[in-house]
Amino acid sequence: MKPIALMLLCLGLTSIGALLIVAMNTVAPLIMDELSIPPSIMGFAIAAVTLNAFLSSPLIGVLIDRFGPVRVGVAGLLTMSLATLLTSMASSAGWLVATRLLLGLVSPALWPSCAKLVSLYVPQSMVGVATALYDAGSIVGLAASYVIVGFAEASWRRSLVYTSAMGIAYAVLYAVAIRRLWGYHQADVHEERVGTRTLRSSLGTVALLLAGFFLTLQTWGLLISWTSTFFVKELGLKYQDLVLYMVLVAILGTCAEVIAGLISDRMGGLRGRKFVIAVGQGVTTAALLGLYAVPERSASLLLTLAAFVSYKFATVTFWAVINDVVPPAIVGRVSGLYSMSAQLALFTSPVLNGFLIEVAGSLRIGFLYSAITLTISTAAYLALKPMEGARS
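Right, let's walk through the structure included here. Quick caveat, the model's predicted, so the values are computed rather than measured.

Cut-offs and rules
- Residues numbered from 1 in each chain as written.
- Predicted model: local features only at pLDDT ≥ 70, side-chain atom pairs only at ≥ 80, totals over all residues.
- Heavy atoms only, no water.
- Helix = DSSP H or I, 4+ residues; strand = E, 2+ residues; numbered from the N terminus.
- Rg over C-alpha atoms; globule rule 2.2 N^0.38 Å.
- Buried < 20%, exposed > 50% of the residue type's maximum accessible area, 1.4 Å probe, protein only.
- Contact = heavy atoms within 4.5 Å.
- Areas by Shrake-Rupley, 256 points an atom, 1.4 Å probe, with all protein chains shown as cover.
- Lys, Arg positive; Asp, Glu negative; His and termini not counted.
- Charge placed at Lys NZ, Arg CZ, Asp CG, Glu CD.
- Axes fitted to C-alpha atoms, helices over the stretch in contact; angles between N-to-C directions.
- Parallel < 35°, antiparallel > 145°, perpendicular 65-115°, else oblique.
- Left-handed = near helix turned anticlockwise from the far one by under 90°.
- Nonpolar A, V, L, I, M, F, W, Y, C, P; charged D, E, K, R; others polar.
- Polar contact = N/O pair within 3.5 Å; in protein donor to acceptor, adjacent residues only side chain to side chain.

A short note on the overall build of the chain
Helix and strand content of the chain: 17 helices and zero strands. For the chain, the C-alpha radius of gyration of 20 Å lies close to 21 Å, the compact-globule estimate for 392 residues. Oriented by its inertia axes, the alpha-carbon framework of the chain measures out at about 60 × 40 × 30 Å. In the chain, buried positions account for 59% of the 392 residues. Taking as baseline every contact in the chain between residues at least 6 positions apart, the subset at least 24 positions apart corresponds to 86%. Here the chain displays about 14500 Å² of accessible surface, and carbon together with sulfur accounts for 71% of that area. Averaging the locations of the 24 positively and 16 negatively charged side chains of the chain gives two centres separated by 7 Å.

This is the structure we're talking about:
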């Protein structure tokens, strides 16, 4: 299979996966109104997906290395679609939490699967662009969730049913299109042993990876979990007003990721990734500080757009850097740990910000918190060095 075809299939996988993850977040104001759920409880329901995901991430990483990224990815997407369908039938906060726990059990399968596919089948000179394409799925899925709500006439139940149907349809399409890669062969015993020794001797590098990812995803957790509530409750906007805005966010965010991938590939390896993350996260930090300080609505919309786009400029590094510092034989295992760090971040961020909304009456203090964590994350990524046997 040609690398570009593989990249596009991975983009579809992560786009639908992201849509399934954030679909409930986007309709949170509608759910809170119908089921009379306070923001603090809704924050926990949003974050519940990460509880099982945190525990299952290392196991999923091992399964990807052993059974192959295609099989694990397809199984994960089908289960996530079923969980979303069950969420559409919810009548209480407990039901919401239960279905999100099911979704979280398999949600860590998608991005590590794509990272493994890239490490196996994409030339090193194209890793940045490949990662940019599949990671753009996070912003495409988020924007699609707003479009679907509008199409569903602001019905959160219909919106989730449509989302579930899309997930099932794409899982079948993906499985058929990528069928030639189902016959995955895991690394030989010697390669596995060398990779394991490298992992044990490079725990400092792994710690920097996990810390950098955890801290930067405090910002992403804020943006995907509470942006709709910020727009609707604090800025007084309607969902219909946000469809074109979020489509613009998706287009500019995807372009930013692809450009960042090209720049990082042109500069070469880890050096290029570090440049991109320093620029992207630096601009995002400035935008978040602006959101904290400037209450005016039009300025808030512009700053939110800037935060999304500049953050997506940086995100190409989050998974591409795995292929720069980690040997291919253990990419699955390290990606599993990396994903576990992400789940912890995506649990703490919605819960913390839900608490802040209820106590402070505004989400703007959350922007300040995210700006601080993003600065520390940048420092962690800039300190990375390749492990022995890495492709960088």
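Back to the text.
Quick look at the packing of helix 12 (residues 203–234) against helix 13 (residues 239–267)
Close contact between helix 12 and helix 13 brings their axes to 11 Å; oriented N to C, the two are set at 130°. Here helix 12 is positioned oblique relative to helix 13, judged by the angle of their axes. Crossing hand, helix 12 versus helix 13: right-handed. For the pair helix 12 and helix 13, the contacting residues are Ser228, Phe231 and Val232 in the first and Tyr239, Leu242, Tyr245 and Met246 in the second. Looking at side-chain class alone, the contact of helix 12 with helix 13 contains six nonpolar, one polar and no charged residues.

Quick look at the side chain of serine 264
Relative to the helices and strands, serine 264 is located in helix 13. Judged by relative accessible area, serine 264 falls into the buried class, the value being 0%. Within the structure, the side chain of serine 264 is placed 3.0 Å from the backbone oxygen of glycine 261, a separation counted as a polar contact. One polar contact links serine 264 to arginine 273, side chain to side chain, over a distance of 2.8 Å. Apart from the residues lying within four places of it in its own chain, the contact partners of serine 264 are Gly128, Gly269, Gly272, Arg273 and Val276.

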